Amino acid sequence: MAAPILVVAAALVDDLDRPARLLAARRTRPAALSGRWEFPGGKVDHGETPVQALHRELREELGVTAELGREVPGPDDGAWPLTDRYRMRLWLGRITEGHPEPLEDHDELRWLATAELGDVDWLEGDLPIVAALRGL
Ligand code: 9L3
Ligand code: MG
């Protein structure tokens, strides 16, 4: 089987030290994932570092610039397994420029408080990350 493709994403929070709210985005595509919520991000392109890719994705998908905080490591060598094709790395982030808008691949954004994290239908692969972030 081909090596899994690396995806990067951000848990955008209102405050990196004392996060109270987290930005969730509702996907519009592909059809199988449409309507499900996720941490914004996407695939790392050739010639990009994961962090460069994440900044590009946040600009393209939400129109924002963010300062990245710590990486939230997953169980698979630091990454979060998504499917047999994809694994994902995720960083905390805080928006420093721009107001987030669902510019591509999303049709709705929500700032969720801790008590609201279970209110949206997260992608399967993102659920364990949501659980890991609850402790924050
Ligand atoms: N994916 C899952 N959770 C996420 C992100 C950003 C992506 N938080 C999955 C959905 C797609 C694949 O990774 O199957 C590639 O993502 P994209 O490039 O379509 O955003
Ligand atoms: Mg994406």
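Residues numbered from 1 in each chain as written. Chains lettered and ligands numbered in written order. Predicted model: local features only at pLDDT ≥ 70, side-chain atom pairs only at ≥ 80, totals over all residues. Heavy atoms only, no water.

Caption draft 1: A look at the overall build of the protein chain. Helix and strand content of the protein chain: two helices and eight strands. For the protein chain, the C-alpha radius of gyration of 14 Å lies close to 14 Å, the compact-globule estimate for 136 residues. Counting only C-alpha atoms and orienting by the principal axes, one finds that the protein chain spans roughly 40 × 30 × 30 Å. Across the 136 residues that make up the protein chain, the buried fraction comes to 40%. By sequence separation, contacts in the protein chain at least 24 residues apart represent 68% of the contacts at least 6 residues apart. Total accessible area computed for the protein chain in this model is approximately 7200 Å², and 49% of it derives from carbon and sulfur atoms. Positive and negative charge centroids in the protein chain, built from 16 and 25 side chains respectively, lie 1 Å apart. (Helix = DSSP H or I, 4+ residues; strand = E, 2+ residues; numbered from the N terminus. Rg over C-alpha atoms; globule rule 2.2 N^0.38 Å. Buried < 20%, exposed > 50% of the residue type's maximum accessible area, 1.4 Å probe, protein only. Contact = heavy atoms within 4.5 Å. Areas by Shrake-Rupley, 256 points an atom, 1.4 Å probe, with all protein chains shown as cover. Lys, Arg positive; Asp, Glu negative; His and termini not counted. Charge placed at Lys NZ, Arg CZ, Asp CG, Glu CD.)

Caption draft 2: Representation of the coordination of the magnesium ion (ligand 2) in the model. The protein atoms donating to the magnesium ion (ligand 2) are Gly41 (O) and Glu61 (OE), with metal-donor distances spanning 2.0 to 2.1 Å. Here the residue Gly41 occupies a position in strand β4 (residues 41–43), and Glu61 occupies one in helix α1 (residues 50–62), the gap between them amounting to 20 residues. Residue class for Glu61 comes out buried when judged on its relative accessible area of 3%. (Donors = N, O, S within 2.8 Å, 3.2 Å for Na, K, Ca; no water.)

Caption draft 3: Region of the structure containing unusual backbone geometry. The omega torsion across Arg29 and Pro30 is -10°, close enough to zero to call that bond cis. Among the secondary structure elements, Pro30 is positioned in the loop between β2 (21–27) and β3 (37–38). Positive phi is not limited to glycine here, since Asp77 has a value of about 60°. Among the structural elements, Asp77 can be located in the loop between β5 (65–72) and β6 (80–81). Taking relative accessible area as the criterion, Asp77 reaches 75% and is therefore assigned exposed. A positive phi angle, close to 70°, is found at Asp105, a residue other than glycine.

Caption draft 4: Spotlight on the site of ligand 1. Around ligand 1 sit 13 residues, and of these Arg27, Glu38, Phe39, Gly41 and Asp126 come closest. Contact between ligand 1 and Phe39: a nitrogen atom at 2.7 Å from a main-chain N or O atom of the residue. Side-chain polar atom of Asp126 to a nitrogen atom of ligand 1: 2.7 Å apart, as the coordinates give it. Secondary-structure elements contributing two or more residues to the shell around ligand 1 are β4 and β7 (86–97). (Near = heavy atom within 4 Å. Polar contact = N/O pair within 3.5 Å; in protein donor to acceptor, adjacent residues only side chain to side chain.)

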